[in-house]
Structures are given as C-alpha cells and as structure tokens.
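Each chain is listed here by its residues.
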Amino acid sequence: MTSTEHRSKIAIYFSATVVAGLATFVFYKFFANPIADHYFEGLWRIPWLILLSAFIYFTVRVLNALLFDFLFRLRRGYEAPTLIRNIFTLLAFTLFFVLIFNRVYHEVNLGALFTTSAIFGVIIGLALQDTLGNFFAGISLHADRPFQVGDVVVVTSNKLTGVVESITWRAIKIRTFQNHIVLVSNSLAAREAIEVSPRDNLNARLVFFSTIYTDSPAKTIHIVREAVRDAANVSDKITPIVRIRQLGDSSIDWEIKYWLDDYAKYNDTDALVRQRVWYALRRSGLTFAFPTRTVYLERAVPSRPVTPEDQISDRLSAVDIFSPLSPDELRQLAKATAGHVFAPGETLIRAGDEGSSMFVVHNGRVAVQISDRSGPRTVAELTEGSFFGEMALFTGEPRTANVVALEETEVLEIGHTAMKHIFHTNPSLAESISWTIAERQAALAQNSASAQASIQETAGLLSSIKRFFGLR
Ligand code: CMP
C-alpha cells in the first residue's frame, strides 16, 4: 500500500470515529432520557457500538503491528506472512466484538442466535465455498512452507515461471520474468505440481552448445569451464561442470552445469554464459557445430578471422616502445603476434599467474585492477595502443594485477620468443620498457601496501631484463 493510500485510510478511520462519537453524544442526550419515548430509548447504543468497534479495530491493529512487525521479525528474522496476520486480525476483532456486543446489548443472546441458525450456516458455507477452500489451502501452504517470498517457482501445468511476491489468504502472487503479476489461487497451488528454486539454495542451470567432432573434448572442457566460472552471478562455491551430453549426428553436444548466486537472474546469466562460450571457443580455435554437412566442409576456413598483418604492424608502430623498430622488424613482430577477442567483463590476466607474453590493446578498453580487503580496485584504464603484461614477461615474476576487459576488446599477444628476437636487434628497447615497468611498479606501490617490497630501480630492472633474455 502506498503512503497516500495509508494516509487516506487513517483519515477515513478518524473521521468515522469522530462522527460515531458525536452521534453517540447527541443520541444519548435525546434518547437516553427517561421522559423520551421508550421506543427510542436504546437508540444511542447503535453509535456507541460503532464507536467501541472503531476502538477495537484500532487496538487490534496496534496488537498486530506489535506481534508481527516487532516480535515475529525479531524472533524469526523475516516478515510475517500476510495470511497469518489477516487471520489474527479477523479472529481478534470477532472475539472483541462479541465481548462488547454482549455488554452493550446484554439482553440479546448471540450464542443462541448463531447456534440455532443452521440455515444461516448453510447459506454462508455455500456462498463462501471457493473462498473457504482458498483460505484453508492457504493455511496448509503456510504450515507446510513449501516455498517462501523471493523463491522462483514454476507451476508445471501451465509452465508459469516467476518469483513469489506474496502469499495471501486467497492466492499466491507471482511476478513473472516479463514483470507481469499472476495470481494463482491457493487451492490450485495446493493441487498442482510446483517446482521451487529456493532463494537461499544454490540452484543450478544447464546451458547447451555443440562443437564439431575434430575438436578435442579435453581442451573444450578446460576452455569452457574457465570462461564460465568467473562470469557474474555464477557461484564460485561450486566449479561449473562441462560434460558431453551426447554424440550427435553432426556434432558433439555439450552441457554446462553451473550454480547461481541469485537464481532469479538466471535468464541474464544463461545469456552471459553463452556469450562467454562464444568468445572462448573463438579465441581457442574451437568450432561451433552446425546441423549440416556443409558446415563440416567449411572447416577449411580459418576458425578465427585473423586480423590482417598490415593492420597489426600499423598498430604496433603506434605503440611508443616499438617506435624505434624498422618497418621490416615491425612486420616480423606482427607475424609473431596472435589476436584474441574478449567479452566485456572477461579477465585477460590474473594476478599471481605466471606470464610468458605481453599484450597490446588493438580495439577496446581494459582495466588494471588490484584486489585488497575492500575488493577489486582499478589502478589504470588502458585503451587502444597501450600495452600490458610486460612486467611478468620481462622480469619473470608472477603477474602483478588483474586485467579485465571493460568492453569487447581485441588484444595482440606477443610471446617471449618474439620479444627476445627484437631485443637482440634493438637493445635500446629494453631500456624504454624498464622505464615503463618502473613507473607502473611505483603506481602499484602507491595503491597497495603489499606491492611496496617489489619496487625496483630502473637500472636494476634493466639488468634483470637483460639477464632474463640472455642479452649482454
Ligand atoms: P603483469 O604484471 O605482467 O600483469 C599485470 C599487468 O598490469 C602488468 O604486467 C602491467 O602491464 C599492468 N599494470 C600494472 N600496474 C599498472 C599501472 N599502474 N598502470 C598501467 N598498467 C599497469
């Protein structure tokens, strides 16, 4: 209920109470007078009963708030179900009302009125058949607690899927993934098979894909598992499983089983997992299978489009540390590089890993991040033409930071052998690289206390690079 609705409800309540109070006063003054006509003598008791009922209503609401908003939440740690609150309100109000009715109209025997009125009971019973059915089904749902607010449920008979938003005395309110509200009556819910994915449970999903027969299963498992495990909302408590589902007519059919932190977001996470699989397969030269033979013939086409060599040497020539290289050397270096495409959010380099290559950003943007107790912190953003990964390559130390793609990013990877060759023909290159490394080490040290120990002087760096690459 919105706050405006709340306010207007309170205003109506108080106005009705004031009117009943005034009416009681006026009626009492005129009709409780022994001189007045005895037919009207008891008339003042009507507004008086209304006034007392208003008072009971108020008391019951206060009791309800005390019991459920305060005590229940304190003891159980979650919100009391609406159904339980409504039943409490109904019973407490009826009890108090009968008590005050007996006091105001002590000559009327309410008990006899109800016990003798069998027809009245039958009429009420028939009229409220459905409502009572829902009501009792609601009570059994609450007693049984098969699902709670926030759980994802699938009503299997009509394939309805959504998140439980509330359970009232009449129905379960489900918010579908199209943001519609669907009400499933309690009696229907008690009869139907309902699949529940509890909010506080590690629920799993299956995502399928297919590769061609010539791709190695062991390589596919490794590549796909690593690509999926660090996607957002994929739980790190259980490692995803990648396994062969079947050996199909024209493909190896795979399934990825992964667990989610927040199951209600499984549509987005499935999509992200598929995206990660696409990028990972493309980078590693694995091929999606198509259900026709034509595609098998197409395998002769390189599985990942290679960035044209002249584009690569153009890019490398724009990188400042490579500017002393001749066009011929740049072409040679370009031949030895490999292009890779990463999805937004994918990790290109993990701190602590061993590294035997460096990268140049060809397209896109990456963030250099270090992690401390407060989580990952970005220390630099690198765009087209910047390079990274040189520290581990040139010093032989483990990777100093994580590097994460901020958008779809294509990088050029240069390995140890290619760099060694370039160093032999251009010894001055080692010096400019040692400057960059020293600067970056200083920036890292500023951002993290633990990196302090690993700062090296440029001269020291230079000699260790030379040693590492066997230069004089
Ligand atoms: P490496 O240690 O091999 O792997 C992580 C990379 O992040 C590192 O090499 C550098 O290339 C890069 N890096 C670390 N610190 C910085 C920084 N302060 N500015 C830019 N890049 C950095």
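Predicted model, so just to flag it, every value in this text is computed and none were measured.

With that settled, the discussion passes to helix α15 (residues 428-447). The end-to-end C-alpha distance of α15, which contains 20 residues, comes to 30 Å, matching closely the 28 Å that a straight helix rising 1.5 Å per residue would cover. Within α15 the residues assigned to the buried category are Leu429, Ala430, Ile433, Ser434, Thr436, Ile437, Ala438, Gln441, Leu444 and Ala445.

Contacts to the ligand come from 15 residues, most closely from Gly389, Glu390, Ala392, Arg399 and Thr400. At 2.6 Å from an oxygen atom of the ligand is found a side-chain nitrogen or oxygen belonging to Glu390. In the environment of the ligand, an oxygen atom lies 2.6 Å from a nitrogen or oxygen atom belonging to the side chain of Thr400. Here the ligand has 460 Å² of accessible area as a free molecule, and 96% of this is covered by the chains. Contributing elements (two or more residues each) for the shell around the ligand: α13 (390-395) and α15. Taken together, the residues that form the shell around the ligand break down as 10 nonpolar, two polar and three charged.

Running from N to C, helix α11 (residues 309-317) and helix α12 (residues 327-335) point in directions that differ by 115 degrees, and their axes come no closer than 9 Å. Of the two possible hands of crossing, α11 and α12 adopt the one that is right-handed. The residues of α12 that touch α11, namely those facing Glu309, Ile312, Ser313, Leu316 and Ser317, are Leu330, Arg331, Leu333, Ala334 and Lys335.

Quick look at the sheet that holds strand β10 (residues 347-349) now. Spatial strand order, β10-β15-β12-β13: four strands in an open sheet with antiparallel pairing. In this open sheet, the two strands that pair with only one neighbour each are β10 and β13 (375-382). Each adjacent strand pair in this sheet contributes to an overall mean axis angle of 35 degrees, direction not counted. Where strand β12 (residues 366-372) lies against strand β15 (residues 402-405), four bridges are found, and the strand directions are antiparallel. Looking at the pairing, Ala367 lines up with Val404 of β15. Relative to the sheet, α15 contacts β12 and β13, its axis offset from that of β13 by approximately 150 degrees.

Right, let's get into the side chain of Glu390. Counting through the fold element by element, Glu390 comes out in helix α13. The class of Glu390 is buried, set by a relative accessible area of 1%. Residues contacting Glu390, with those up to four places away along its chain left out, are Met358, Ile437 and Arg440.

Within the protein chain, residue pLDDT values average 84, and 86% of them lie at 70 or more. The secondary structure element of the protein chain with the lowest average pLDDT is helix α10 (residues 293-297), at 55, and the one with the highest is strand β8 (residues 252-260), at 97.

In this sheet, strand β4 (residues 181-185) lies alongside strand β3 (residues 171-176) in antiparallel orientation, the contact comprising five bridges. Each residue of the ladder has a partner; that of Ile174, found in β4, is Val182. Hairpin connection between β3 and β4: a loop of four residues separates the two successive antiparallel strands, and Asn179 in this loop has a positive phi of roughly 65 degrees.

Right, let's talk about the pattern of salt bridges for a bit. If you walk through the whole model with that rule in mind, you get 14 salt bridges. A salt bridge links Arg331 to Asp328; the nearest nitrogen and oxygen atoms lie 3.5 Å apart. Within this pair, Arg331 and its partner Asp328 are both found in helix α12, separated by three residues, close to a single helical turn. Counted as one network, the salt bridges with shared partners bring together Asp230, Arg276 and Arg350.

A few words on unusual backbone geometry. Even without glycine at this site, Asn179 takes up a positive phi of about 65 degrees. Along the chain, Asn179 turns up in the loop between β3 and β4. Take Asn179: its relative accessible area is 53%, and that puts it in the exposed class. Residues other than glycine seldom take positive phi values, yet Asn233 does so here, at roughly 75 degrees. Tracing the backbone through its elements, the reader meets Asn233 in the loop between α8 (217-229) and β7 (241-247). Judged by its relative accessible area of 17%, Asn233 is buried.

Once that is clear, we can look at the environment of Arg103. Position of Arg103 relative to the elements: it lies in helix α3 (residues 82-104). Note: C-alpha distance between Arg103 and Leu49 (54 residues apart in sequence) is 9.7 Å.

This model, assessed by the stated rule, comprises 14 aromatic pairs. Centre to centre, the rings of Tyr13 and Phe14 are 5.2 Å apart; their planes meet at 80 degrees, and the pair counts as edge-to-face. Ring-pair connections join several aromatic residues into one group, and the members of that group are Tyr13, Phe14, Tyr57 and Phe58. For the cation-ring pair, Arg283 lies above Phe342, with the distance from its terminal atom to the ring centre recorded as 3.9 Å. In this structure, Arg440 packs its charged tip against the face of Phe387, placed 4.9 Å from the ring centre.

Judged by nonpolar contacts, the single largest core of 46 residues is most densely connected at Leu316, Phe322, Phe388, Phe394, Met419 and Phe423. For this core, the element with the most residues is α15, which contributes six residues. Apart from the residues lying within four places of it in its own chain, the contact partners of Leu316 are Phe322, Leu330, Leu333, Ala334, Thr337, Val360, Leu412 and Ile414. Formed by 20 residues, the second largest nonpolar core is a distinct cluster that contains Phe209, Ala231, Trp254 and Tyr266.

About the criteria used
- Residues numbered from 1 in each chain as written.
- Predicted model: local features only at pLDDT ≥ 70, side-chain atom pairs only at ≥ 80, totals over all residues.
- Heavy atoms only, no water.
- Helix = DSSP H or I, 4+ residues; strand = E, 2+ residues; numbered from the N terminus.
- Expected span 1.5 Å × (residues − 1).
- Buried < 20%, exposed > 50% of the residue type's maximum accessible area, 1.4 Å probe, protein only.
- Near = heavy atom within 4 Å.
- Polar contact = N/O pair within 3.5 Å; in protein donor to acceptor, adjacent residues only side chain to side chain.
- Areas by Shrake-Rupley, 256 points an atom, 1.4 Å probe, with all protein chains shown as cover.
- Nonpolar A, V, L, I, M, F, W, Y, C, P; charged D, E, K, R; others polar.
- Axes fitted to C-alpha atoms, helices over the stretch in contact; angles between N-to-C directions.
- Left-handed = near helix turned anticlockwise from the far one by under 90°.
- Contact = heavy atoms within 4.5 Å.
- Pairing = 2+ DSSP bridges.
- pLDDT = per-residue confidence, 0-100.
- Salt bridge = Lys/Arg side-chain N within 4 Å of Asp/Glu carboxyl O.
- Phe/Tyr/Trp six-rings, centres within 6.5 Å; stacked < 30°, edge-to-face > 60°.
- Lys NZ or Arg CZ within 6 Å of the ring centre and 35° of its normal.
- Core = buried A, V, L, I, M, F, W, Y, C linked by side-chain atoms within 4.5 Å.

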